[in-house]
Amino acid sequence: MPTSPLLPVPPQILASALRSGASGAPLRFAVALACCLSLAMATAAGAAISGTVVDEVSGDPVGGATVRIQAESSSVITAGDGSFILDPVPAGFVTLTAAVPYDAGAGVNFIIGSAFASDGNTGVTISLPRLPTADNPTYAPPTSAVCAGCHSQQVAQWQGSPHSNAARDEWVLDLYSGTGTAGGSAGYVFLDTHDPGETGFCSACHTPLAEAMDPGNVFLDQVTDPGALDGVGCLACHQIDSVDGDVNALHVLGNATYRFPQGDAFTPTWQYVWGPLDDVSFGGMRPSHAPFFSDPLFCATCHQYNNPDTGAPGQNTYGEWLASPYSTPGPDFRTCQGCHMPAGSGSGEICDIGGSPTRPPLQRASHAFEEVTPLSLSFSVLLDTAAVDANGQVTVTAAVTNAGAGHNFPTGVSIRNAMVVLDARYGGLPLPQVAGDVLPFWASDDVPGDQPGDYAGQPGKGFAKILEGRINGQGPIVRPVLFIDAEGVWEDTLIPANATDTANAVFQLPPNALPGETVEVSARLLYRRAFRALAVTKGWTTTPSGGPIEIEIAEDLFAHTLVVGGVPELSPVEIPTLSHRGMIISALLLALTAGIHLRRRRALRDAASPR
């Protein structure tokens, strides 16, 4: 191999060496390796790099590992003898990474490994450190502030998301213990209506790190550990090591597991993390490659569950996605992560430490997990309204199409609901409804009388999943109830992805309505984060994040010009044809009737004459 002159160590390689540690090499070895690379023998620029991936502990070759140049899209898989050849490669120094997908059932798992190389190098060795098999029995997960030191952008996005407030969610606490808001103790409170010792399992998803330490025994209102009060924080996701099992179970109670490996004096437990990237080589982390992070099944651990006692459905968002066209591989395929963790706006770094690789947008997913907004709803759910008149009536039809969501509309917890409210007016006065759809009871509050925002019984249609059951399994059937009291589904009018539901209402015109005059038609599509009765009872005026409880997605308002007007159309009357015999009989009857009337008139005249 021809020699090359002494090469200086490029700054980015030296910085990467100083950050190295994912391979398990001490810092001094990383610096020495960077220096050695400055003396590397190189061939022509862009020549292939070859080498072997090995188990750092045993030295055995590791087959099936993914090898790539860090942050590059092309990769190769090692052969059974651990060998690989990367070709083509860019000129100059690069960081190579190697990873084996984590398998919770395997006896040996590896942390992502890395090595430095230059184009044309052969015999490059990438060592994979082993993941400790022992767990830390005294682990207390830190807050996400520990992650912010290197991932400030991602943590800032997360801080503005509902995930960051999951453990302190005022609505959840109002329903659980009555302690979330000033009026939270009014109406339904889980702890007040259930047997002592029942936890309600809320912590499984709202404070998963607390639940992971004591599954099934955590009371949401008693969680005090700062790391657990982060809710669905960084480590609440990135220390999940599997998501297999019963998809309808509640997170750590059946379909997700955590690992908290025992570290050492230089490697605390929180540095052991799992994620979707297979080329992370930062020495301040001990990352394992977990492809399931990109699978919607990962989101299902909290967004798909049934009542553990009755089997009644709580959330079914994952099942709704499976039933949608978006779950089918092809040009329309979309995942939960693809929509709710969209790619970054451009290339950039995901770590604040200098020398981090520049990654493409798809590797810089947003961690904002944004709630629905008026803008996003207006793009996803469409309203199309029409009106016709005939026979003295106006029929209004409103079609609601779930055009953009990858799941039902609405989705998520069962207190979310939507409705389309219809109205028709003539001369400024509402026309009475005589037929068609009317809004259900849950469209109004429980306060006697009608208040603004009460729509039950009015023209329109509601879209919700109404669960029913007995509170604490006792007493009469109640609807709607939360999933923890649900014994079944009373009604499900949610709109599946890419489907349309239609509301129809028939209004009576006054007789004096004339053709050419107009009727004002209105259709309003509303989305509510909670049933109106629940919000009014608890005194909620905004969502826990400060957003509106009710969002008007769309309104169709137009003047319909009457074609027929208020006079009903008359159908032609068919005159029966009589036979010859029938005509004779009819003539005789007419003559008889005429004679009777003639005699009556004479009798009345004689009675009126003076005598």
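Before reading on, note that the structure itself is shown above.
Right, let's walk through the structure included here. (Residues numbered from 1 in each chain as written. Predicted model: local features only at pLDDT ≥ 70, side-chain atom pairs only at ≥ 80, totals over all residues. Heavy atoms only, no water.)

What follows is about the overall build of the chain. On a plain count of helices and strands, the chain comes out with 15 helices and 24 strands. The buried share among the 611 residues of the chain stands at 46%. Within the chain, counting contacts between residues at least 6 apart in sequence, those at least 24 apart form 67% of the total. For the chain, the accessible area works out to roughly 28900 Å², and carbon and sulfur atoms hold 59% of it. (Helix = DSSP H or I, 4+ residues; strand = E, 2+ residues; numbered from the N terminus. Buried < 20%, exposed > 50% of the residue type's maximum accessible area, 1.4 Å probe, protein only. Contact = heavy atoms within 4.5 Å. Areas by Shrake-Rupley, 256 points an atom, 1.4 Å probe, with all protein chains shown as cover.)

In this structure, Met419, Tyr455, Phe531 and Trp540 are the most contacted members of the largest nonpolar core, which totals 34 residues. Those elements that place two or more of their residues in this core are α5 (170-176), β16 (417-426), β20 (465-468) and α14 (532-538). The residues contacting Phe531, other than those within four sequence positions of it, are Ser414, Ile415, Asn417, Trp442, Ala464, Ile466 and Pro480. Counting residues in hydrophobic clusters, the runner-up holds 31 residues, among them Val420, Ala503, Ala523 and Tyr527. (Core = buried A, V, L, I, M, F, W, Y, C linked by side-chain atoms within 4.5 Å.)

For the structure shown, the criterion picks out 3 cavities of 30 Å³ or more. Size it by volume and the largest cavity reaches roughly 60 Å³. Lining the largest cavity, in full, are Gln315, Asn316, Glu320, Pro410, Thr411, Gly412, Val413, Ser414, Arg416, Lys465 and Leu494. When the residues that make up the lining of the largest cavity are grouped by side-chain class, the tally is 3 nonpolar, 5 polar and 3 charged. (1 Å grid on protein atoms, 1.4 Å probe; cavity = no way out; pocket = protein on both sides within 12 Å on 5 of 7 lines; lining within 4 Å. Points joined across faces, edges and corners; volume = space filled by probe spheres on them. Nonpolar A, V, L, I, M, F, W, Y, C, P; charged D, E, K, R; others polar.)

Pairing is antiparallel in the open sheet, where 4 strands are placed in the order β14-β15-β22-β18. Pairing within the sheet leaves two strands with one partner each, and these edge strands are β14 (381-390) and β18 (433-436). With direction set aside, neighbouring strand axes in the sheet form an average angle of 20°. Bridge count for β18 against strand β22 (residues 500-508) is 3 bridges, and the pairing is antiparallel. In the sheet register, Ala435 faces β22, and the bridge partner there is Val506. (Pairing = 2+ DSSP bridges. Axes fitted to C-alpha atoms, helices over the stretch in contact; angles between N-to-C directions.)

As a further point, take the sheet that holds strand β3 (residues 75-77). Where strands meet in a sheet, backbone hydrogen bonds hold them as pairs that are either parallel or antiparallel. Pairing is antiparallel in the open sheet, where 4 strands are placed in the order β3-β2-β5-β6. At either end of the open sheet lies a strand with only one pairing partner, and these are β3 and β6 (113-118). Mean inter-strand twist for the sheet, computed between neighbouring axes without regard to direction, equals 25°. Two elements, strand β5 (residues 93-99) and β6, share 6 bridges in a ladder whose sense is antiparallel. Counterpart to Leu96 in the pairing with β6 is Ala115.

Another point: the pattern of salt bridges. Two side chains of opposite charge can pair, provided their charged atoms sit close to one another. Scanning the entire structure with this criterion turns up 13 salt bridges. The partner of Asp278 in a salt bridge is Arg68, with the nearest N and O atoms 2.8 Å apart. Taken together, the residues Asp278 in the loop between β10 (272-275) and β11 (286-289) and Arg68 in strand β2 (residues 66-69) connect sequence positions 210 residues apart. Taken individually, Asp278 and Arg68 each receive the classification buried, so the pair is uniform in this respect. For Arg470, the salt bridge goes to Glu487, with nearest N and O atoms at 2.7 Å. Of this pair, Arg470 sits in the loop between β20 and β21 (488-492) while Glu487 sits in the loop between β20 and β21, and the two are 17 residues apart along the sequence. Residue Arg470 is classed as partly exposed on the basis of its relative accessible area, which comes to 31%. Among the charged side chains, a salt-bridge network with shared partners connects Asp445, Asp454 and Arg532. (Salt bridge = Lys/Arg side-chain N within 4 Å of Asp/Glu carboxyl O.)

Here Glu320 is to be found in helix α11 (residues 317-322). Despite being buried, Glu320 has no salt bridge partner; Lys465 is the closest side chain of opposite charge, sitting 5.3 Å away. If we ignore the near neighbours within four places in the chain, the residues touching Glu320 are Gly406, His407, Asn408, Thr411 and Leu494. (Lys, Arg positive; Asp, Glu negative; His and termini not counted.)

In this section: the state of the cysteines. What the rule picks out here adds up to 0 disulfides. Between Cys147, a cysteine without a disulfide, and Cys234, which holds the nearest cysteine sulfur, the sulfur-to-sulfur distance is 4.0 Å. Taking relative accessible area as the criterion, Cys147 reaches 16% and is therefore assigned buried. Cys351 provides the cysteine sulfur closest to Cys150, a residue in no disulfide bond, and the two sulfurs are 4.6 Å apart. (Disulfide = S-S within 2.5 Å.)

Another aspect to go through is unusual backbone geometry. Following Asp87, the chain continues to Pro88 via a peptide bond in cis, the omega torsion being 5°. By secondary structure assignment, the location of Pro88 is in the loop between β4 (83-86) and β5. Put simply, Phe409 and Pro410 share a cis peptide bond, and its omega is -15°. Its place among the elements puts Pro410 in the loop between β15 (393-402) and β16.

Of all 7 residues in β5, 7 are buried; the element is thus mostly enclosed. Side chains Phe93, Thr95, Thr97 and Ala99 of β5 all project onto a buried face; the interleaved residues Val94, Leu96 and Ala98 project onto the opposite face, where all are buried too. Of the pairings in the sheet, the one linking β2 to β5 comprises 4 bridges and is antiparallel in character. The residue bridging Ile69 from the neighbouring strand is Leu96, located in β5.

Overall, the coordinates contain 14 aromatic pairs when judged by the stated rule. When the ring of Phe409 is compared with that of Tyr527, the centres are 6.0 Å apart and the planes differ by 35°; the resulting orientation is tilted. Of this pair, Phe409 sits in the loop between β15 and β16 while Tyr527 sits in strand β23 (residues 518-528); the two residues are 118 residues apart in sequence, bridging distant segments of the chain. For the pair Phe409 and Tyr527, one class covers both residues: buried. Note that Arg334 overlies the ring of Tyr326, its terminal NZ or CZ placed 4.0 Å from the centroid. (Phe/Tyr/Trp six-rings, centres within 6.5 Å; stacked < 30°, edge-to-face > 60°. Lys NZ or Arg CZ within 6 Å of the ring centre and 35° of its normal.)

Note that Ser83 resides in strand β4. By relative accessible area, which is 28% here, Ser83 ends up partly exposed. Note: C-alpha distance between Ser83 and Val124 (41 residues apart in sequence) is 9.6 Å. Setting aside residues no more than four positions away along its own chain, Ser83 makes contact with Gly51, Thr52, Ile77 and Thr78.

Here Asn248 shows up in the loop between β8 (240-242) and β9 (257-258). Along the backbone, Asn248 and His303 are 55 residues apart, and their C-alpha atoms lie at a distance of 9.1 Å. Those residues in contact with Asn248, other than ones at most four positions away along the chain, are Gln304, Tyr305 and Asn306. A polar side-chain atom of Asn248 sits 2.9 Å from a polar atom in the side chain of Gln304. (Polar contact = N/O pair within 3.5 Å; in protein donor to acceptor, adjacent residues only side chain to side chain.)

Next up on the list: the pairing of strand β13 (residues 313-316). Across 2 bridges, the pairing between strand β12 (residues 304-306) and β13 is antiparallel. Each bridged residue has a counterpart across the sheet, and for Asn306 the counterpart in β13 is Pro313. Hairpin connection of β12 to β13: 6 residues between the antiparallel strands, including Gly311 at a positive phi of 80°.

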